[in-house]
Amino acid sequence: MPRDIRPLVKPIIPLFPLDDSLYRLDAEEIAFLRRQTGIQDEVALKTHIIEVQEEAYKVAPYACIRGFDFLRQNMSKLHIYDHILKRGSAGAILLDVGSCLGADARKAVEDGFPAHNIVTSDIKEAFSELGHKLFKSSSEPILFIPGDIFDPAFLSISRPASSVPGCAMPDIQTLRSLNDLHGRVGVIHASKLFHLFDEEKQLELARALGGLLSCESGSTICGTHAVALEKGIVRRTVLGIEISYFCHSKETWTSLWDGVVFENGHVNVETTTSTVDVGGIAFCLLHWSVTRL
Ligand SMILES: C[S@@+](CC[C@H](N)C(=O)[O-])C[C@H]1O[C@@H](n2cnc3c(N)ncnc32)[C@H](O)[C@@H]1O
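Read on for a plain summary of the structure. (Residues numbered from 1 in each chain as written. Predicted model: local features only at pLDDT ≥ 70, side-chain atom pairs only at ≥ 80, totals over all residues.)

1. As for the nonpolar core
- Judged by nonpolar contacts, the single largest core of 54 residues is most densely connected at Leu94, Leu95, Ile118, Val185, Ile188, Leu209 and Leu212.
- The greatest single-element share of this core, amounting to five residues, is contributed by helix H7 (residues 199–212).
- Setting aside residues no more than four positions away along its own chain, Ile118 makes contact with Leu94, Ala105, Ala108, Val109, Phe113, Ile142 and Leu143.
- Residues Ala56, Phe70, Leu130 and Leu134 belong to the second largest nonpolar core, which totals 18 residues. (Core = buried A, V, L, I, M, F, W, Y, C linked by C-beta atoms within 7 Å. Buried ≥ 20, exposed ≤ 12 C-beta atoms within 10 Å, placed from the backbone. Helix = DSSP H or I, 4+ residues; strand = E, 2+ residues; numbered from the N terminus. Contact = placed C-beta atoms within 7 Å.)

2. Describing helix H5 (residues 103–110)
- With respect to burial, H5 is a largely interior element, seven of its eight residues being buried.
- Buried within H5 we find Ala103, Asp104, Ala105, Arg106, Lys107, Ala108 and Val109.

3. Considerations on the sheet that holds strand E4 (residues 187–191)
- Strand order in the open sheet formed by seven strands is E3-E2-E1-E4-E5-E9-E8, and the pairing between neighbours is mixed. Each end of this open sheet is capped by a strand with a single partner; those strands are strand E3 (143–146) and strand E8 (267–278). Pairs of neighbouring strands in the sheet enclose a mean axial angle of 15°, with direction left out of account.
- As paired strands, E4 and strand E5 (residues 220–226) are joined by five bridges and run parallel to one another. Residue pairing for E5: Ala190 is matched across the bridge by Gly223.
- Packing against the sheet, H5 makes contact with strand E1 (94–97), strand E2 (118–122) and E4, and its axis sits at approximately 170° to E2. (Pairing = 2+ DSSP bridges. Axes fitted to C-alpha atoms, helices over the stretch in contact; angles between N-to-C directions.)

4. Quick notes on the environment of Phe154
- With respect to the helices and strands, the residue Phe154 is situated in the loop between E3 and E4.
- On the basis of neighbour count, Phe154 is assigned to the partly exposed category, with 18 C-beta atoms found within 10 Å.
- Between the alpha carbons of Phe154 and Leu178 there is a distance of 5.7 Å; along the sequence they are 24 residues apart.

5. Considering the packing of helix H2 (residues 42–59) against helix H6 (residues 126–135)
- Packing of H2 against H6 brings their axes to within 10 Å, and their N-to-C directions diverge by 175°. Between H2 and H6, the angle is such that the two are roughly antiparallel. Across from Val52, Glu55, Ala56 and Val59 in H2, the residues of H6 making contact are Ala126, Leu130, Lys133 and Leu134.
- Among the residues forming the contact of H2 with H6, the class breakdown is six nonpolar, no polar and two charged. (Parallel < 35°, antiparallel > 145°, perpendicular 65-115°, else oblique. Nonpolar A, V, L, I, M, F, W, Y, C, P; charged D, E, K, R; others polar.)

6. A word on the packing of helix H1 (residues 27–37) against H2
- Orientation of H1 relative to H2, taken along the N-to-C sense of each, is 80°, at an axis distance of 11 Å. As summarised for this structure, H1 and H2 are arranged roughly perpendicular, according to the angle between their axes. Contacts between H1 and H2 involve Ile30, Leu33, Arg34 and Thr37 on the former and, on the latter, Glu42, Leu45 and His48.
- Residues of the contact of H1 with H2, tallied by class, amount to three nonpolar, two polar and two charged.

Structure (structure tokens):
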């Protein structure tokens, strides 16, 4: 079985129907979508979004597609966003892993992160075209590389870099695998990704992303996902879909990065939390960053 989100999500038979009453965006989100699509009329914008949502839901019946979460800009709300933009001005590569339709990457470009230094990646290849359709963008210049983050041919685990890679930087626009980026990425963003996997897989993914990070001080891995007061399985029914998440606590997440993935004292881990309402269910989210000292 491909290692996408299926292991933790019960099979959905039949598909839960889409429900446009779940379309609830705040003013900031609507303004971003207007700027990106050029569609000013709110009704026309909603019609356009729902058309793309229907196609995306056929590709992957994810709760994040059904609940319109694929439209949200997560990275720009992180405590470390200004730092991310500064790394962009300094020439860092940004990797958005599990990028879905690419809202976060497009927001970063809007805010000044050089598009040619951004790599987006997702297991669903069709999300690249659907992202262009949604945002009415051309195929250039944000790179999208399809692949499974648990496939070693695409992303293998390596020790965190302790020096700048000796060989020349590959041309980003011709990349086919994340393995060409070991030790080279200045900013890695993983939003609502880790909690799709069990504890063992989360550690595997953390180690794999740790190996991609540049050794340069200030390089950072960051993201958002569900958190629990104590680590363990959390079971919820979200918008009619039964989901089991393995959630770390704030403390276990911090010690996973500072001491397991990276040597103790080599990174600064920062966390904040927020609560969101997803289909009437309160979810506690952890917003986190792991920054090389
Ligand atoms: C819940 S969505 C989050 C999307 C987006 N980052 C956000 O915050 O809205 C998780 C994304 O991870 C992708 N994904 C799931 N398993 C994956 C895997 N094994 N390799 C790469 N991407 C994966 C899904 O296709 C989906 O786009």
